[in-house]
Every structure is written in C-alpha cells, then in structure tokens.
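The primary structure of each chain is shown beneath.
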Amino acid sequence: MIHLENLCKSYKLRGHRKVVLDNVNQVFPAKVSVGLLGRNGAGKSTLLSIIGGMMDPTSGTVHRAGNISYPVGFAGSFHGDLTGAQNTRFVARIYGVDTDELQDFVADFSELGKQFHQPFRTYSSGMRARLSFGVSMGIPFDCFLIDEVTSVGDGAFRRKSVEMFAERRKTTAAIMVSHSTSLIRDVCDAGAVLEAGQMYYYDDLEAAIEHHEYNMNQKRPD
C-alpha cells in the first residue's frame, strides 16, 4: 500500500514555477496494478521517482508499506563505471537478496551477452532498459514502479518483458506509466490520471482511459 498525503512538487522552468503535483492525496491499494496516465510533462515520471525515493517532494509525505522498487528504467539506479554484473550484485546487497542468484537471473533475462560485463556507461538506452527491468524482476518487490521500460528494445524483448511482468503481478502491486493504452489494458486493474497537478483515481480502468483520452483532445491547461 502506498499513501500520498498532501503531496506537492514544483520546480522552476524558464523563469516560471511549474506545479506538477498540487496537494495530492491518494491511496494505491496493495496487490493492485494501476496505470498512471497523463499528458507529456504532467508529472508521471516525477511522481514515480518521488514514490521510489529517488526525488524529494516540495512538501507532503509518501507513506510506504512493503518493499517498493526503484522506478524501472531510471538510469540513475546504476553506477556508470561499474559493469552490468557489478551493478546487479550491488543492488542485490542493497535489497538483501542472493547476489549470485540475481546475477544469474539478470544475465539470462537481459540477453546482454558479453556486454553484461562491460561498464554501464557504454550501454545504449535499450541495453540500460534490459538491465534495469531484469534486475527489478529478479527481486521480490511488493510493488513495482514501471516507467515505459517495455517500450524500449525489440519486439521479442518487449513480449518477454510483458509476460514476465504479468507473472509477477499475480502476487504484487504495480504503478505503470505507459503511453500505450493497449499495454495498460493488458497489465493493469485500475487507473489514475494526472492533469494540471491533480490526480483522479478510478477503480474502473476503462473510466480512467476515457478521462485521459478526453484530456488529450482538449487544450493543455496553463
């Protein structure tokens, strides 16, 4: 379970203050996969980073119950001078899982081959996504934070990623950001829409998608 309490986030953009979260109060239930929808720049990735502890809110609190993943696809989770294998072992120690087991799992899942033992800074965006997704899927999180990672890479890897995530979500929760409503429909149970700093949560996923699509057909609010 994740509880957002009076959550605010703003920052300066070209001399003006942009508010992406404006006193948001919301509970994300345990064992529910939520599709997080919104326009580009609405604050979806920012919210995942705040929930995952990678970014501080301007004010407000995130209450977390259980083991929450880092935002999958977030390159800042890894050290550029360490190899993929070394980064994997480092993350395993942080989360208290077996280092050898996680390394073996990620090496097999990511299909990075020899590049798994090369520095992370040499990776392409697709290779970084493969490593990030593989590491997260190998750790028994109570809630996964997924940020467009399955849109990176070739078709075969995307299919494998969706299948792996579908297996994990049988016993866990997730908050997923994706511009693909078909993917959201495939893997999510509920939906939340971010618009002009406000969050609108729907137990009915189709109602969330309808709200989002309506917003996309309207003029962007100032």
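Here the structure is a predicted model, which means the values were calculated and not measured.

Undergrad: In this structure, what is going on with the overall build of the protein chain? I would like to understand it.
TA: Across its full length, the protein chain carries 7 helices and 9 strands. Once the C-alpha set of the protein chain is aligned to its principal axes, its extents read approximately 50 × 35 × 30 Å. Buried positions account for 47% of the 222 residues belonging to the protein chain. Summarising the internal contacts of the protein chain: among those between residues at least 6 apart in sequence, 64% fall at separations of at least 24. Side chains of the protein chain give 24 positive and 25 negative charges; the mean places of these two sets differ by 7 Å.

Undergrad: What is the right way to look at the packing of aromatic side chains in this model?
TA: Working definition: an aromatic ring pair is given by the centre-to-centre distance plus the angle between the planes. Overall, the coordinates contain 9 aromatic pairs when judged by the stated rule. Geometrically, the ring pair formed by Phe78 and Phe120 is tilted, given 5.2 Å between the ring centres and 45 degrees between the ring planes. One end of the pair, Phe78, is in the loop between strand E5 (68–72) and helix H2 (84–95); the other, Phe120, is in the loop between helix H3 (99–110) and helix H4 (125–137), with 42 residues separating them in the sequence. On the basis of relative accessibility, which here comes to 2%, the residue Phe120 falls in the buried class.

Parameters and conventions
- Residues numbered from 1 in each chain as written.
- Predicted model: local features only at pLDDT ≥ 70, side-chain atom pairs only at ≥ 80, totals over all residues.
- Heavy atoms only, no water.
- Helix = DSSP H or I, 4+ residues; strand = E, 2+ residues; numbered from the N terminus.
- Buried < 20%, exposed > 50% of the residue type's maximum accessible area, 1.4 Å probe, protein only.
- Contact = heavy atoms within 4.5 Å.
- Lys, Arg positive; Asp, Glu negative; His and termini not counted.
- Charge placed at Lys NZ, Arg CZ, Asp CG, Glu CD.
- Phe/Tyr/Trp six-rings, centres within 6.5 Å; stacked < 30°, edge-to-face > 60°.

These results come straight from atomic positions and should not be treated as a statement about function.
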